[in-house]
Amino acid sequence: MPTSYTFSSLIKACASFSALGFGEAVHCHIWRNGFNSHVFVQTALIDLYSNLGQFCRSRSVFDEMPERDVFAWTTIVSAHIRAGDLSSARRFFEEMPERNTATWNTMIDGYARMGNFDSAELLFDQMPGKDIISWTTMVSCYSQHQKFREALAVFNEMMSKGIHPDEVTLATIISACAHLGALDLGKEIHLYILQNGFDLDVYIGSALIDMYAKCGNLDRSLSVFFKLREKNLFCWNSVIDGLAVHGYANEALKMFRRMESEKIKPNGITFISVLSACTHAGLVNEGRRMFLGMTDDYSIPPEVGHYGCMVDLLSKAGLLKDALKLIRSMKVKPNSIIWGALFGGCKLHRNLEIAQVAVNELLILEPNNSGHHNLLVNMYAEVNRWGEVAKMRAAMKNLGVEKKCPGSSWIEMKRKIHQFAASDKSHPASTEIYLLLAELDGKLKLAGYVPELIWGDLG
């Protein structure tokens, strides 16, 4: 005679193998054998149907349950989140007779996945007790949506409360350090990993390789790579990209060939790094070979990023007609990055004819981007075509085109990230900063420095 444990185990197996038909047969046997009132059997069915996209049947099982515990409620909340119905998930969450930490984590994770930071933060702050999953969920929430400073703030708060991170938390926060250039904090976390006996697996390892490379310490990045006992594709991609970014194109290509010799199959990201390396070193023929080999040898269709690398490579080499021909042969629609790469090459090699083609496309894609207008103004100014300069400036004024989103930069000091933007006065020390800048400007003038005049920046 089957038991409730037998049925729950069968249902979980069906979910693992996406065996809907077999799961339905098991459901029939559950009814025949009188297990339709067993809470954990019915909970397993809710999970099965929601995992296989049968949301209505999942809800039907829940509605027909004579008795529900906290796990059943949490499962139906999770089912609604999986279906993208956060409002219903929140309603069930509020109706629950009792909640455990897993319930709170499920709801927070739902909001986090949808990028609803305010609701995720509010629930997180209201939680009666937080475990490592709660903290990791918030760190991941911010990191996945490029809010790396917020991710670091949550991590620092977690550590200050004596909560010990796990491997997932560490890999996520190392990645945040990489994007912010927070080398000192990254080193501290690496030391914490070594001192607390964490296994340097492929996830933490690839994150460390990437972090050190992005923060400018290529030697440490390579050291971590070569010390890893096991290396997966992410590790190889990180080290190849690190070498490429630092200008070691030949070494990046050698590492790629070494990866091939170890039977690690590259993916599209690998070829982005390899093509970028070729661009940095001007290796046109090697870049062409890699671009063709990506499709011929590995059946990887080129995406916009790969075309962007090739257009950039050809444009910087002065092969502007070849670059334009490649753009027009693309099987995907070229974006502003593609045309911007061609435009940059035209600026470098002073080709106004193709530059005008690129600008016309850029003005359709990004009509309010002042950068494209200013670059073309500069090109006309360099060849003394002042009439065109005046026309462009007048057109920009009529269109109301201006630089609305100034670039920003940041520095790391005492475990904190300080961000700065042009003309920004929001920093607490802005008065002292501007006084120092004025002092430095005065010293530069006394030393005879004369700033370069950029026509595109004139009002």
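To start, this report covers the structure provided alongside it. (Residues numbered from 1 in each chain as written. Predicted model: local features only at pLDDT ≥ 70, side-chain atom pairs only at ≥ 80, totals over all residues. Heavy atoms only, no water.)

### Focus on the layout of surface pockets
Part 1 of the reasoning: Considered as a void within the structure, the largest pocket measures approximately 650 Å³ in volume.
Part 2 of the reasoning: Taken together, 25 residues line the largest pocket, and the ones lying closest to its centre are A171, S175, Y203, S206 and A207.
Part 3 of the reasoning: Counting only elements with at least two residues in the lining of the largest pocket, the list comes to α9 (132-144), α11 (167-180), α13 (202-214), α15 (233-245) and α17 (268-281).
Part 4 of the reasoning: Ranked by the residues each element gives to the lining of the largest pocket, the list is headed by α11, at eight residues.
Part 5 of the reasoning: The class makeup of the residues in the lining of the largest pocket is 10 nonpolar, 11 polar and four charged. (1 Å grid on protein atoms, 1.4 Å probe; cavity = no way out; pocket = protein on both sides within 12 Å on 5 of 7 lines; lining within 4 Å. Points joined across faces, edges and corners; volume = space filled by probe spheres on them. Helix = DSSP H or I, 4+ residues; strand = E, 2+ residues; numbered from the N terminus. Nonpolar A, V, L, I, M, F, W, Y, C, P; charged D, E, K, R; others polar.)

### Examining the packing of α9 against α11
Part 1 of the reasoning: Running from amino to carboxyl end, α9 crosses α11 at an angle of 25°, the nearest separation of the two axes being 10 Å. In terms of orientation, α9 lies roughly parallel with respect to α11. In terms of crossing hand, the pair formed by α9 and α11 is left-handed. Mapping the contact onto sequence places I132, T136, V139, S140 and S143 in α9 and V168, T169, T172, I173 and A176 in α11.
Part 2 of the reasoning: When grouped by side-chain class, the residues that make up the contact of α9 with α11 number five nonpolar, five polar and no charged. (Axes fitted to C-alpha atoms, helices over the stretch in contact; angles between N-to-C directions. Parallel < 35°, antiparallel > 145°, perpendicular 65-115°, else oblique. Left-handed = near helix turned anticlockwise from the far one by under 90°. Contact = heavy atoms within 4.5 Å.)

### Section: unusual backbone geometry
Part 1 of the reasoning: One non-glycine residue, Q146, adopts positive backbone phi at about 60°.
Part 2 of the reasoning: Note that Q146 resides in the loop between α9 and α10 (148-160).

### With respect to α15
Part 1 of the reasoning: Over its 13 residues, α15 runs 18 Å from end to end, which matches the ideal 18 Å to within 8%, given 1.5 Å per residue.
Part 2 of the reasoning: Where α15 is concerned, the buried positions are C235, W236, N237, S238, V239, I240, G242, L243 and A244.
Part 3 of the reasoning: As for α15, its buried residues are in contact with α13, α14 (218-227), α16 (249-261) and α17.
Part 4 of the reasoning: With a side-chain oxygen lying 3.1 Å from the backbone nitrogen of F234, the N-terminal cap of α15 falls on N232.
Part 5 of the reasoning: Where α15 terminates, the next one or two residues include G247, which has phi positive at roughly 90°. (Expected span 1.5 Å × (residues − 1). Buried < 20%, exposed > 50% of the residue type's maximum accessible area, 1.4 Å probe, protein only. Polar contact = N/O pair within 3.5 Å; in protein donor to acceptor, adjacent residues only side chain to side chain.)

### What about the packing of α11 against α13?
Part 1 of the reasoning: Here α11 crosses α13 at 15°, and the two axes come no closer than 8 Å. As summarised for this structure, α11 and α13 are arranged roughly parallel, according to the angle between their axes. The two elements α11 and α13 cross, and the hand of that crossing is left-handed. The residues of α13 that touch α11, namely those facing E167, L170, A171, I174, C177 and A178, are Y203, I204, A207, L208, D210, M211 and K214.

### Let's talk about the environment of R68
Part 1 of the reasoning: Within the secondary structure, R68 sits in the loop between α4 (55-63) and α5 (70-82).
Part 2 of the reasoning: Between the C-alpha atoms of R68 and M96, which are 28 residues apart in sequence, the distance is 9.8 Å.
Part 3 of the reasoning: Among all residues touching R68, those that are not within four sequence positions of it are F62, D63 and W73.
Part 4 of the reasoning: Of note is the side chain of R68, whose polar atom sits 3.1 Å from the backbone oxygen of F62.
Part 5 of the reasoning: Looking at R68, its side chain comes within polar contact range of the main-chain oxygen of D63, at 3.5 Å.

### Structural notes on the packing of aromatic side chains
Part 1 of the reasoning: In the structure shown here, the tally under the stated rule is 12 aromatic pairs.
Part 2 of the reasoning: Taking 5.2 Å as the distance between ring centres and 75° as the angle between the ring planes, the aromatic pair formed by F225 and F226 counts as edge-to-face.
Part 3 of the reasoning: On the accessibility criterion, F225 (0% relative accessible area) is buried.
Part 4 of the reasoning: For F226, a relative accessible area of 44% puts it in the partly exposed group.
Part 5 of the reasoning: With centroids separated by 6.0 Å and ring planes inclined at 55°, the aromatic side chains of F271 and Y298 adopt a geometry described as tilted. Here F271, found in helix α17, pairs with Y298, found in helix α18 (residues 284-298); they are 27 residues apart in sequence, far enough to count as distant. (Phe/Tyr/Trp six-rings, centres within 6.5 Å; stacked < 30°, edge-to-face > 60°.)

### With respect to the environment of V383
Part 1 of the reasoning: When you line up the elements, V383 lands in the loop between α23 (370-382) and α24 (386-399).
Part 2 of the reasoning: Spatially, the C-alpha atoms of V383 and L352 are 9.7 Å apart, while their sequence positions differ by 31 residues.

### Here's the deal with empty space enclosed by the protein
Part 1 of the reasoning: For the coordinates displayed, the defined rule picks out one cavity of 30 Å³ or more.
Part 2 of the reasoning: Of the pockets and cavities examined, the largest cavity occupies roughly 40 Å³.
Part 3 of the reasoning: Along its surface, the largest cavity is lined by R350, L352, M379, E382 and V383.
Part 4 of the reasoning: Classifying every residue of the lining of the largest cavity by side-chain character gives three nonpolar, no polar and two charged.

### Overview of the side chain of T270
Part 1 of the reasoning: In this structure, T270 sits in helix α17.
Part 2 of the reasoning: Residue class for T270 comes out buried when judged on its relative accessible area of 0%.
Part 3 of the reasoning: A distance of 2.9 Å separates polar atoms of two side chains, one belonging to T270 and the other to N267.
Part 4 of the reasoning: When neighbours within four sequence positions are excluded, T270 is seen to be in contact with L233, N237, I240, F256 and M259.

### Structural notes on the pattern of salt bridges
Opposite charge on two side chains permits them to pair, given that their charged atoms come into close proximity.
Part 1 of the reasoning: Tallied over the entire structure, the rule returns 14 salt bridges.
Part 2 of the reasoning: The closest approach of N and O atoms between R82 and D47, which form a salt bridge, is 4.0 Å. Within this pair, whereas R82 is found in helix α5, its partner D47 is found in helix α3 (residues 39-51), the two being separated by 35 residues in sequence.
Part 3 of the reasoning: The exposure class of R82 is partly exposed, given its relative accessible area of 40%. (Salt bridge = Lys/Arg side-chain N within 4 Å of Asp/Glu carboxyl O.)

Scope: geometric values only; no functional claims are made or implied.
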